[in-house]
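Chains, contacts and geometry: an overview
Here is what each chain is made of, one letter per residue.
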Amino acid sequence: MMITVRYFAGARAAAGVAEETFPSGTTIEQLASKKGEPFARVLHSASFLVDGLAWHDRQAPLPAGVTVDVLPPFAGG
């Protein structure tokens, strides 16, 4: 099974795509290593939602079938 990763704002620009799929069991740390240092820097400061819930453990395997939203810091309020 796969997971869907959706990138928003600066994360989308750094990834070069709006959405990708990865094998289940992939970790946030592994996502960061996929596209080089500029992308990893964005992910380092990003927040993550897994099926709409905050996900803080960057080394935990992501479950099959989930959608991960990558949200970089936003300015404003």
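Here is a short report on the structure shown in this document. Just so it is clear, the structure is predicted and the values come from calculations on it, not from any experiment.

1. Overview of the overall build of the protein
- Along the protein, the regular secondary structure elements total 3 helices and 5 strands.
- What you see in the protein, going N to C, is helices and strands ordered as β-α-β-α-α-β-β-β.
- A compact globule built from 77 residues should have a C-alpha radius of gyration of about 11 Å, and the protein, at 11 Å, falls within 12% of that.
- In terms of overall dimensions, the protein has a C-alpha envelope of 35 × 25 × 20 Å along the principal axes.
- Residues counted as buried form 34% of the 77 residues belonging to the protein.

2. Concerning the sheet that holds strand β5 (residues 67–71)
- A sheet is described by the order of its strands in space; here 5 strands give the open sequence β2-β1-β5-β3-β4, paired in mixed fashion. One side of each edge strand has no neighbouring strand; the edge strands of this open sheet are β2 (19–23) and β4 (53–54).
- As paired elements, strand β3 (residues 47–50) and β4 share 2 bridges and run antiparallel to each other. Across the sheet, residue V50 finds its bridge partner in β4, namely L53.

3. Details of the pattern of salt bridges
- Counted by the stated rule, this structure contains 3 salt bridges.
- Linking R6 and D69 is a salt bridge whose minimum nitrogen-to-oxygen distance equals 2.6 Å. With R6 in strand β1 (residues 2–7) and D69 in strand β5, this residue pair connects regions lying 63 residues apart in the sequence.
- Its relative accessible area of 31% is what places R6 among the partly exposed residues.

4. Notes on the environment of T26
- Within the fold, T26 resides in the loop between β2 and α2 (28–33).
- Each C-alpha atom of the pair T26 and I3 lies 8.3 Å from the other, and the pair is 23 residues apart in sequence.
- With residues up to four places along the chain from it excluded, the contact list for T26 reads I3, L31, A60, P61 and L62.
- A polar atom in the side chain of T26 sits 2.6 Å from the backbone oxygen of P23.

5. Considering the packing of aromatic side chains
- Inspection of the entire model under this criterion finds 1 aromatic pair.
- Summarising the aromatic geometry, the rings of Y7 and F39 are spaced 5.6 Å apart at their centres and angled 80 degrees between planes, so their arrangement reads as edge-to-face. Placement of Y7 in strand β1 and of F39 in helix α3 (residues 37–45) is noted, with a sequence separation of 32 residues between them. For the pair formed by Y7 and F39, the shared burial category is buried.

6. Comments concerning unusual backbone geometry
- Look at A9: it is not a glycine, yet its phi comes out positive at around 50 degrees.
- Among the structural elements, A9 can be located in the loop between β1 and α1 (10–15).
- Even without being glycine, D51 reaches a positive phi, approximately 50 degrees.
- Note that D51 resides in the loop between β3 and β4.

Calculation criteria
Residues numbered from 1 in each chain as written. Predicted model: local features only at pLDDT ≥ 70, side-chain atom pairs only at ≥ 80, totals over all residues. Heavy atoms only, no water. Helix = DSSP H or I, 4+ residues; strand = E, 2+ residues; numbered from the N terminus. Rg over C-alpha atoms; globule rule 2.2 N^0.38 Å. Buried < 20%, exposed > 50% of the residue type's maximum accessible area, 1.4 Å probe, protein only. Pairing = 2+ DSSP bridges. Salt bridge = Lys/Arg side-chain N within 4 Å of Asp/Glu carboxyl O. Contact = heavy atoms within 4.5 Å. Polar contact = N/O pair within 3.5 Å; in protein donor to acceptor, adjacent residues only side chain to side chain. Phe/Tyr/Trp six-rings, centres within 6.5 Å; stacked < 30°, edge-to-face > 60°.

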